[in-house]
Amino acid sequence: MMRIRMSLPTAAALSPWIVPATVIVVWQVLCSLAIIPPRILPAPSQVLRTSIDLISSGELPKHLAISFRRAAVGFLIGGTIGFVLGMANGLSRWSAILLDGTIQMIRNIPHLALIPLLILWLGIGEYAKIFLVALGVWSDRAAAPGQPPRRTLWVVGRDPRTGRGIERWRGSRLARP
């Protein structure tokens, strides 16, 4: 009996694909044997055929472009708002006192819980979808940038006499030991 040996890098590269490939093969077999009805879960071969049809008709690229635009606009709006609030909280103690608690409360609200309220406020159109993307982005950005300005020393030059770095900590000059 001949034994096939694979090199370690090849085995390591292929091993993450074993479970997904097995799931797809079992799924196809179960659908082919009519154990899983196609109205519940279509076979992978049918999904592939439908994907090819949608790509060739141009419908899928059109809808992907709309989704990408929605995500980009929401990320831009939410990222800008979050970055501005995060930097304000990081650089101003008063801003952190006034806004940080509210930001943390809003962060803990599940986005799915806001969908009925968004439908009432904004309808089912593009604005509600863009708002939901922006909401998912802004709270993380508001929490993240505020931390580094509060805790970081910046090297702004070298002391010519000692060669040590001169650092700036919230306006004060310190010499590195």
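All of these numbers come straight from a predicted model, not from anything done at the bench.

Our focus in this paragraph is the environment of Gly86. Turning to its location among the elements, Gly86 is positioned in helix H4 (residues 59-91). Taking C-alpha positions, Gly86 is 9.0 Å from Asp140, a pair spaced 54 residues apart along the chain.

The geometry of helix H3 (residues 44-57) relative to H4 is characterised by a closest axis approach of 4 Å and an angle of 80° between their N-to-C directions. The pairing of H3 with H4 is recorded here as roughly perpendicular in orientation. Of the residues in H4, those touching H3 at Leu54, Ile55 and Ser57 are Glu59, Leu60 and Pro61. Grouping the amino acids of the contact of H3 with H4 by side-chain chemistry returns 4 nonpolar, 1 polar and 1 charged.

A rise of 1.5 Å per residue sets the reference length of H4, with its 33 residues, at 48 Å; its end C-alpha atoms lie 48 Å apart and thus fit the reference within 8%. When H4 is considered as a whole, its buried residues turn out to be Arg70, Gly74, Gly78, Gly79, Gly82, Gly86, Asn89 and Gly90.

On to the pattern of salt bridges, then. All chains considered together, the criterion is met by 1 salt bridge. We note a salt bridge from Arg70 to Glu126, for which the minimum N-O separation is 2.8 Å. Pair noted here: Arg70 is in helix H4 and Glu126 is in helix H7 (residues 126-143), with a separation of 56 residues, a long-range link. Overall, Arg70 belongs to the buried group, its relative accessible area being 17%. We classify Glu126 as partly exposed; its relative accessible area is 31%.

Of note is the side chain of Arg70, whose polar atom sits 2.8 Å from the side chain of Glu126. Beyond its immediate stretch of four places on either side in the chain, Arg70 contacts Glu126, Lys129 and Ile130.

Let us look at a nonpolar patch on the surface. A cluster of nonpolar residues, Leu117, Leu120, Trp121, Leu122, Tyr127 and Phe131, forms a patch on the protein surface that exposes about 720 Å² of accessible area. Elements supplying a minimum of two residues to the nonpolar patch: helix H6 (111-122) and H7. If you tally residues by element for the nonpolar patch, the top one is H6, at 4 residues. Mapped onto the elements of the fold, Phe131 is located in helix H7.

Here the focus is the environment of Asn89. You can see Asn89 is positioned in helix H4. Its relative accessible area of 3% is what places Asn89 among the buried residues. The sequence separation of Asn89 and Asp100 amounts to 11 residues, and the corresponding C-alpha distance is 7.0 Å. Among the polar contacts made by the side chain of Asn89, one reaches the side chain of Ser95 at a distance of 2.9 Å.

Turning our attention to unusual backbone geometry. Glycine aside, a negative phi is what most residues show, and trans is what most peptide bonds show. The backbone phi angle of Ala34 is positive, close to 65°, even though this residue is not glycine. Assignment of secondary structure puts Ala34 in the loop between helix H2 (18-32) and H3.

Put simply, H4 and helix H5 (residues 93-107) touch, their axes get as near as 6 Å, and they point 130° apart. With respect to their mutual orientation, H4 and H5 come out oblique. Seen along the crossing, H4 lies across H5 with a hand that is left-handed. Residue-level contacts link Leu85, Ala88, Asn89 and Leu91 of H4 to Arg93, Ser95, Ala96, Leu99, Asp100 and Ile103 of H5.

Criteria and cut-off values
- Residues numbered from 1 in each chain as written.
- Predicted model: local features only at pLDDT ≥ 70, side-chain atom pairs only at ≥ 80, totals over all residues.
- Heavy atoms only, no water.
- Helix = DSSP H or I, 4+ residues; strand = E, 2+ residues; numbered from the N terminus.
- Axes fitted to C-alpha atoms, helices over the stretch in contact; angles between N-to-C directions.
- Parallel < 35°, antiparallel > 145°, perpendicular 65-115°, else oblique.
- Contact = heavy atoms within 4.5 Å.
- Nonpolar A, V, L, I, M, F, W, Y, C, P; charged D, E, K, R; others polar.
- Expected span 1.5 Å × (residues − 1).
- Buried < 20%, exposed > 50% of the residue type's maximum accessible area, 1.4 Å probe, protein only.
- Salt bridge = Lys/Arg side-chain N within 4 Å of Asp/Glu carboxyl O.
- Polar contact = N/O pair within 3.5 Å; in protein donor to acceptor, adjacent residues only side chain to side chain.
- Patch = residues over 30% accessible without salt bridge, like charges linked within 9 Å, V, L, I, M, F, W, Y side chains within 5 Å.
- Areas by Shrake-Rupley, 256 points an atom, 1.4 Å probe, with all protein chains shown as cover.
- Left-handed = near helix turned anticlockwise from the far one by under 90°.

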